[in-house]
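# Fold and contact review
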Amino acid sequence: MALSECSTSTASRFFPMSLRRDAAVLAPRLSLPHRSCASKVPSFRTLAVRASTPLLVASEACAKVIHGKYVSKLIRDEISAEVSGMKEAIGVAPGLAVIIVGDRKDFATYVPNKKKACESVGINSFEVHLPADSKEEEVLKFITGFNDDPLVHGILVQLPLPSHMNEQSILNAVSIEKDVDAFHPLNIGRLAMRGREPLFVPCTPKGCIELLHRYGIGIKGKRAVVIGRGNIVGMPAALLLQREDATISIVHSRTQNPEEITREADIIIAAVGQPNMVRGSWIKPGAVIIDVGINPVEDSKSSRGYKLVGDVCYEEACKVASATTPVPGGVGPMTIAMLLCNTLTSAKRTHNFQCVGCFRLYFTIRKTSSEIVQEDSLSTRTAFTCRCPYSLNCLFS
Ligand SMILES: NC(=O)C1=CN([C@@H]2O[C@H](COP(=O)(O)OP(=O)(O)OC[C@H]3O[C@@H](n4cnc5c(N)ncnc54)[C@H](OP(=O)(O)O)[C@@H]3O)[C@@H](O)[C@H]2O)C=CC1
Ligand SMILES: Nc1nc(=O)c2c([nH]1)NC[C@@H]1CN(c3ccc(C(=O)N[C@@H](CCC(=O)O)C(=O)O)cc3)C=[N+]21
């Protein structure tokens, strides 16, 4: 069942009694059952604003919010420092080429966001925008040009392509050394195999895992359910979780009992493209949720005429999960940060450049609900480390 609206009252209809009891343990002070959990968040935000923007706002009533937007900013700062170091040391800046074919509404935000992000970290961006009725050969011609261009270290072909184009042959044409989206079958094949290292890891799944790492959420030995098995997110997310030693189930459109399977999970990654499909009753109390879905739903109050919602009903999830990503502000900005990461990795690899003295910040979720982790004070961070927890390569080395 996919509903674009999920209200608290529907939540209580769908909650089995046992889960409702558990949810109450997580939400001991949820004295107003008809008020949505999401609507409670601002009061904690208000509390945190006095100090600064919160990294993790822990509320007694709600799951902790995994702030992808904030973490992506930290990562961009790290990338920026490495790009400056690289420019200074060898006079080279990483370059990202983006090929867009046609005009889709969603390109209007994603594409400019990528360009802005490149500029903000010192990565050069090159863009080709072709009309929707272009020939496949034209796209291939630009790919060949970028493959041969030493100023370009990463090539991204914006998906989906118009239906008359063969996505497979276009993606296969991207040089594997510049495949920063990591959609080349060789990259995916290596990701799936033990003892093989892909040159790049797909951006969105990498962003999901990076969020778990940065928040100190253990993956090893955990039960993880990935909802969706698409080539861009679900399938590679499952492979990555497996590499991180989680035990994986994959739910798709033909799965018989998605709700039951999902309820087994300690970690849920939802990438289906169905607004609010995952309801509170699907979630094991205390589970961690990474909501990848970005679904526009009509909203007359918004200037755009629509708002973005995830695949998970946020306000219900808040009452049951221990931590969850919001939409927007969750995985989306991480995808862009990982694209920059992969572009930097590519440039470093091409020029055999190693960064010395770089560091990463990782956090752990606070155990006590009253604590608030602040953005600007290192002393309040529960972890500060140079250690890279990746089972793959380091984030961008
Ligand atoms: N945050 C980000 O950065 C990004 C977000 N997205 C978002 O992630 C979502 C998924 O995108 P993408 O992977 O490209 O989509 P795909 O269409 O490639 O995959 C969707 C998957 O969901 C499954 N599915 C669809 N409906 C149901 C259902 N009712 N029950 C169970 N499974 C279902 C499909 O199953 P089957 O295989 O059986 O057809 C398929 O495996 C979208 O909302 C997209 O906008 C995508 C990329 C980046
Ligand atoms: N070759 C290719 N690679 C991709 O990675 C790819 C793609 N094609 N096609 C489309 C999808 C979608 N995608 C998004 C990434 C970030 C946001 C993002 O930053 N979203 C903001 C919201 C921005 C807004 O408000 O509109 C957020 O979630 O906070 C959205 C969508 C990458 N994709």
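Just so it is clear, the model here is predicted, and its values are computed rather than measured.

### Digging into the UniProt feature "domain: Tetrahydrofolate dehydrogenase/cyclohydrolase catalytic" (unreviewed entry) in the protein chain
What UniProt calls "domain: Tetrahydrofolate dehydrogenase/cyclohydrolase catalytic" (unreviewed entry) maps, in this numbering, to residues 66-181. In the segment residues 66-181, helix accounts for 50% and strand for 16%; the C-alpha atoms at its two ends are 24 Å apart.

### With respect to the sheet that holds strand β8 (residues 267-270)
The strand order across the open sheet formed by six strands is β2-β12-β9-β8-β6-β7, and the pairing between neighbours is parallel. Looking at which strands have only one partner, the edges of the open sheet turn out to be β2 (64-65) and β7 (247-251). Examined bridge by bridge, strand β6 (residues 223-227) and β8 share four bridges and lie parallel to one another. Bridge pairing links Ala 224 to Ile 267 in β8. Contacts from helix α10 (residues 234-243) reach β6, β7 and β8 within the one sheet, and its direction differs from that of β6 by about 170°.

### Section: the state of the cysteines
All chains considered together, the criterion is met by zero disulfides. Cysteine Cys 118 remains unbridged, with the sulfur of Cys 203 as its closest cysteine sulfur at 11 Å. Not engaged in a disulfide, the cysteine Cys 203 finds its nearest cysteine sulfur in Cys 341; these two sulfurs lie 8.5 Å apart. Using a relative accessible area of 4% as the deciding quantity, one classes Cys 203 as buried.

### Some thoughts on the site of ligand 2
Near ligand 2, the surroundings consist of 17 residues, among which Tyr 110, Val 157, Leu 159, Asp 181 and Gly 329 are the closest. Residue Gly 329 places a main-chain N or O atom 2.7 Å away from an oxygen atom belonging to ligand 2. For ligand 2, the protein covers 83% of the area, taking 680 Å² as the surface of the free molecule. Placement of ligand 2 is best described as lying within the largest pocket. Contributions of two or more residues to the shell around ligand 2 are made by α5 (107-121), β5 (154-157) and α13 (331-350). Top element by residues in the shell around ligand 2 is α13. It accounts for four residues. Here the shell around ligand 2 is composed, by residue class, of ten nonpolar, five polar and two charged. Of the domains in this structure, domain 1 (1-91 + 203-397) and domain 2 (92-192) are the two that each give at least three residues to the shell around ligand 2.

### Quick word on the sheet that holds strand β3 (residues 95-101)
Strand order in the open sheet made by the three strands is β4-β3-β5, with parallel pairing throughout. In the strand order of this sheet, the two ends are held by β4 (124-130) and β5, each with one partner. Mean inter-strand twist for the sheet, computed between neighbouring axes without regard to direction, equals 15°. One ladder, built from four bridges, connects β3 with β5; its direction is parallel. Bridge pairing links Leu 96 to Gly 154 in β5.

Conventions and cut-offs
Residues numbered from 1 in each chain as written. Chains lettered and ligands numbered in written order. Predicted model: local features only at pLDDT ≥ 70, side-chain atom pairs only at ≥ 80, totals over all residues. Heavy atoms only, no water. UniProt positions renumbered as here; feature names shortened; annotations may be inferred. Helix = DSSP H or I, 4+ residues; strand = E, 2+ residues; numbered from the N terminus. Pairing = 2+ DSSP bridges. Contact = heavy atoms within 4.5 Å. Axes fitted to C-alpha atoms, helices over the stretch in contact; angles between N-to-C directions. Disulfide = S-S within 2.5 Å. Buried < 20%, exposed > 50% of the residue type's maximum accessible area, 1.4 Å probe, protein only. Near = heavy atom within 4 Å. Polar contact = N/O pair within 3.5 Å; in protein donor to acceptor, adjacent residues only side chain to side chain. Areas by Shrake-Rupley, 256 points an atom, 1.4 Å probe, with all protein chains shown as cover. 1 Å grid on protein atoms, 1.4 Å probe; cavity = no way out; pocket = protein on both sides within 12 Å on 5 of 7 lines; lining within 4 Å. Sits in = over half its atoms within 2 Å of the grid points. Nonpolar A, V, L, I, M, F, W, Y, C, P; charged D, E, K, R; others polar. Domains from an automatic or database assignment.

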